[in-house]
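So the chains spell out like this:
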Amino acid sequence: MKNRIFGLETEYGLIFTPHGKVYLPMEKILGYVFEGLIPNSWPSNAFLTNGARFYQDTGCHPEYATPECDQVFDAVVHDKAGERLLERCLPIAQKRLQEEGLSGDIYIYKNNTDSMGNTYGCHENYLMRRDIDFWKVTEQLIPFFVSRQIYTGAGKVLKIGGKSHYFISQRSQHIHEKTSSSTTSSRSIINTRDEPHADAEKYRRLHIIVGDSNMSEYATYLKVGTTAIILAMIEDKFFIDGLELDDPVKAMREISRDTTLKKRVRLEKGKELSAIEIQRVYLEKAKEYLSFVEDDPVSRDIVDRWEFVLDELSEDPARLDREIDWIAKKSLIESYMDKKGCGLDDSRVAMMDLQYHDINQDRGLYYLLNRSGLIECVATEEDIQRAIEMPPQSTRAKTRGDFIRFAKAKNRSYTVDWTYLKLNGYWEETILCMDPFSSENQRVNELIAAANVQQ
Amino acid sequence: MKKQDKKTEEKQESKEEASVEANPEVVEKGKKIKEDLDKVMDEIDDVLEENAEEFVKNYVQKGGE
């Protein structure tokens, strides 16, 4: 697969349910959660030894940004590692509550909407070549992002006109524009935020805010993998023409609303295609593209799974209840409604819709399914646990991880960002790391070696 | 009426056909999934939050990003 850096940022939902009548401001709860991560301090922005970043997002959400990954598999395990890190903080935060004489439960959800219709996101970041016309990029990508929700959607029960419906995607109803620079007011299919954290003459950043947060590793793998292949095609000027949608924002909502996946959306040229048909055009073109470039097992695996998923979706979406979030959750909810004889508007169903995304593995319904052997995973728990400590070994994240581990061992305070590292102290130099593909930094190595000699 | 009868007949026929063609492995797998899902249904009441209505209503976040 073409050399590329990608990463996922996930904003989590956070709520405290007191057992008594004492409510606490969310800032305070989030503070306790962060204490679980880094004891004795209250940093609202922390880089970790695995190269990832944890911070407080707008709206008081805990947010986890994976380290720079150059393998799709790494993006999957590092995204899961973020869940586990937060889960680990929960008992510590609960204990802090008790010490203050408060009792209640803290819940963290990896979803994208609350019951009032507020939304928070899962942002995908892909490093792209700067010299490609960005207008061409967006034109190529919009129909792809509009239609891929059929396998990346996380499912949502929504009341429309007093009646509950099951939607494919959590985010689709919150997207209002084709492209925009804002992430909070007019969310768009293509966001134009462009901070490459790398040589800006060579690279730009593609910041995608349209996707749902996924519990399913399989869905995350496909989400990042298929997008990376499409980007490689665009960079190699292997274009897909004729798929421009008449009204992408409307099409996105229409697709999200139809769980049978039969709905056809209108293209600019007047033709109508279903989301599966649009995805098939991309898939076939991707297969053609891959036959021209050097064969690699990762791209082949992504394309095989992509094809499998589209075939199954065409037959009967219910067949993917192990792989795809919206289908797994829908199948669970339908079994429950059958058993209880209740409808989609039952409050217990609304609870399931939320609790599927609980990152606490003892409570979360995704994890209940997983424990029962009903979920298809991509990584093992060992892979995920390793990613909690260990950065990807072939990107800049390794240097950052080495530096932070060193500073901690030496009990030195430090300042770190995506592109620089610095031990605190006016005499210390700032170490710049502008190349995200470089996993070794001579100055960091020298720093560590010198400290070892002094010992 | 007659038309409806015919339809039902056709339906039954196609059902029989389907069961003849069904791959025993797939049927077995389907059965296993059904059993596993039944087990999940038994467990779900233990983990599902009580006061669902109240809980969901109170789940309000500030918008993010």
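Draft legend 1. Spatial organisation of the overall build of chain A. The helix and strand tally for chain A stands at 14 helices and 17 strands. Over its C-alpha trace chain A gives a radius of gyration of 22 Å, about what one expects of a compact globule, namely 23 Å for 455 residues. As displayed, chain A offers around 18000 Å² of accessible surface, 48% of which is attributable to carbon and sulfur atoms. Taking the average place of the 60 positive charges on the side chains of chain A and the average place of its 72 negative ones, the gap between the two points comes to 3 Å.

Draft legend 2. Representation of the sheet that holds strand 17 (residues 431-432) of chain A within the structure. All names here are of chain A. Spatially, three strands are ordered 15-16-17 in an open sheet, and the strand pairing comes out antiparallel. Single-partner strands in this sheet number two, and they are strand 15 (414-417) and strand 17. Examined bridge by bridge, strand 16 (residues 420-423) and strand 17 share two bridges and lie antiparallel to one another. Within strand 17, the position partnered with Leu421 by the bridge is Ile431. Packed onto the sheet, helix 13 (residues 396-409) meets strand 15 and strand 16 and runs at close to 165° relative to strand 15.

Draft legend 3. The packing of helix 13 of chain A against helix 14 (residues 442-454) of chain A, seen in detail. All names here are of chain A. Interhelical geometry of helix 13 versus helix 14 gives an angle of 30° and a closest axis separation of 10 Å. The angle between helix 13 and helix 14 places the two elements in the roughly parallel class. Helix 13 and helix 14 meet at a crossing whose hand is left-handed. Counting all contacts with helix 13, which are made through Thr399, Asp402, Phe403 and Phe406, the residues of helix 14 involved are Val444, Leu447, Ile448 and Ala451.

Draft legend 4. Structural context of the interface of chain B and chain A. At the interface, 25 residues of chain B touch 47 residues of chain A. The contact between chain B and chain A buries some 3200 Å² in all, and 62% of this surface belongs to carbon and sulfur atoms. Looking only at chain B, the three residues that lose the most surface to chain A are Tyr59, Gln61 and Glu65 of chain B, adding up to 28% of its buried area. Joining chain B to chain A, the criterion identifies three salt bridges.

Draft legend 5. Examining the pattern of salt bridges more closely. All names here are of chain A. Tallied over the full model, the rule gives 49 salt bridges over all chains. For Asp246, the salt bridge goes to Arg266, with nearest N and O atoms at 3.8 Å. Separated by 20 residues along the polypeptide, Asp246 in the loop between helix 5 (217-235) and helix 6 (248-257) and Arg266 in strand 13 (residues 264-266) bring together distant segments of the chain. Residue classification places Asp246 among the partly exposed positions, given a relative accessible area of 45%. Salt bridges here are not isolated pairs; linked through shared partners, they connect Lys28, Glu35, Lys95, Arg96, Glu99 and Glu100.

Draft legend 6. Just the pairing of strand 9 (residues 163-167) of chain A, in detail. Residues and elements named next belong to chain A. Here five bridges tie strand 8 (residues 156-160) to strand 9, and the two strands are oriented antiparallel to one another. Within the sheet, the bridge partner assigned to Lys156 lies in strand 9 and is Phe167. Between strand 8 and strand 9, which pair antiparallel and follow one another directly, the connecting turn spans two residues, one of which, Gly161, has a positive phi of 60°.

Draft legend 7. Focus on helix 9 (residues 325-340) of chain A. Residue and element names in this part refer to chain A. An ideal rise of 1.5 Å per residue puts 22 Å on 16 residues; helix 9 measures up with 22 Å between its terminal C-alpha atoms. Helix 9 sits mainly inside the fold: 12 of its 16 residues count as buried. When we look at burial in helix 9, the residues that qualify are Asp325, Trp326, Ile327, Ala328, Lys329, Lys330, Ser331, Leu332, Ile333, Ser335, Tyr336 and Met337. Looking one or two places after helix 9, you find Gly341, whose phi comes out positive at around 65°.

Draft legend 8. Highlighting the packing of aromatic side chains. Evaluated as defined, the whole model comprises 17 aromatic pairs over all chains. Between Phe34 of chain A and Phe54 of chain A, the ring centres sit 6.1 Å apart and the planes meet at 85°, which makes this aromatic pair edge-to-face. You can see Phe34 of chain A sitting in helix 1 (residues 26-37) and its partner Phe54 of chain A sitting in strand 4 (residues 53-57), a full 20 residues away along the chain. The burial state of Phe34 of chain A is the same as that of Phe54 of chain A; both residues are buried. Through successive ring pairs, a cluster of aromatic residues spans Tyr107 and Tyr109 of chain A together with Phe55 and Tyr59 of chain B. Over the face of the ring belonging to Tyr55 of chain A we find Arg53 of chain A, whose NZ or CZ atom lies 3.7 Å from the ring centre. Over the ring of Tyr221 of chain A we find Arg305 of chain A, and its NZ or CZ is 4.8 Å from the ring centre.

Draft legend 9. Representation of the nonpolar core within the structure. All names here are of chain A. Grouped together as the largest cluster of nonpolar side chains are 102 residues, with contacts concentrated most on Ile189 and Trp306. Looking at this core, the element that brings in the most residues is helix 5, giving 11 residues. Formed by 31 residues, the second largest nonpolar core is a distinct cluster that contains Leu14, Ile29, Leu85 and Leu102.

Draft legend 10. Inspection of helix 14 of chain A at higher detail. Taking 1.5 Å per residue, 13 residues should reach 18 Å; helix 14 of chain A reaches 18 Å between its end C-alpha atoms and fits that length. Its side-chain oxygen at 2.9 Å from the backbone nitrogen of Arg443 of chain A, Asn441 of chain A defines the N-terminal cap of helix 14 of chain A.

What counts as what
Per-chain numbering applies: the sequence of each chain, read as written, is numbered from 1 onward. Just so you know, chain letters begin at A and ligand numbers begin at 1, following the order they were written in. Thresholds applied to this predicted model are a pLDDT of at least 70 for local features of residues and 80 or more for the giving and counting of side-chain atom pairs; totals over whole chains, interfaces and linings are not thresholded and use all residues. By convention in this description, side-chain values take in all heavy atoms of the structure and omit both hydrogens and water. For the purposes of this entry, the term helix denotes a DSSP run of H or I that reaches at least four residues, the term strand denotes a run of E that reaches at least two, and both are numbered from the N terminus. Here the radius of gyration uses the C-alpha set of atoms, whereas the globule reference equals 2.2 Å times the residue count to the power 0.38. Areas reported as accessible are Shrake-Rupley estimates using a 1.4 Å probe. Residue values count occlusion only from the protein chains shown. His is not counted, nor are the chain ends, whereas Lys and Arg count as positive and Asp and Glu as negative. For this purpose, a charge sits on NZ of Lys, CZ of Arg, CG of Asp or CD of Glu. Pairing between two strands is assigned when DSSP locates at least 2 bridges connecting them. Contacts were defined at the residue level, with two residues in contact if any of their heavy atoms lie within 4.5 Å. Between N-to-C directions, angles span 0 to 180 degrees; the directions come from axes that are lines fitted to C-alpha atoms, helices contributing only their stretch in contact. Under this scheme an angle from 65 to 115 degrees is roughly perpendicular, one under 35 degrees roughly parallel, and one over 145 degrees roughly antiparallel; angles in between are oblique. Left-handed describes a crossing whose near helix is turned anticlockwise from the far helix by less than a right angle; the clockwise case is right-handed. Accessible area that two parts lose when put together, with a 1.4 Å probe and added across both, is what the buried area reports. What makes a salt bridge here is a side-chain nitrogen of Lys or Arg within 4 Å of a carboxyl oxygen of Asp or Glu, nothing more. The cut-offs for exposure are 20% and 50% of the maximum accessible area for each residue type, with area from a 1.4 Å probe on protein chains only; residues under the lower value are buried, those over the upper are exposed, and the others partly exposed. Take the residue count of a helix, subtract one, and multiply by 1.5 Å to get its expected span. Pairing of aromatic rings covers Phe, Tyr and Trp, the last counted by its six-membered ring, and requires centre-to-centre distances within 6.5 Å; plane angles under 30 degrees mean stacked, over 60 mean edge-to-face, and any other angle means tilted. The criterion for a charge sitting over a ring is simple: Lys NZ or Arg CZ within 6 Å of the ring centre, and within 35 degrees of the ring normal. Buried Ala, Val, Leu, Ile, Met, Phe, Trp, Tyr and Cys residues form a nonpolar core when they are joined through side-chain atoms within 4.5 Å. Under this definition, polar contacts are N or O atom pairs within 3.5 Å; protein pairs additionally need one hydrogen-donor-capable and one acceptor-capable atom, and for neighbouring residues in sequence, both atoms have to be side-chain atoms.

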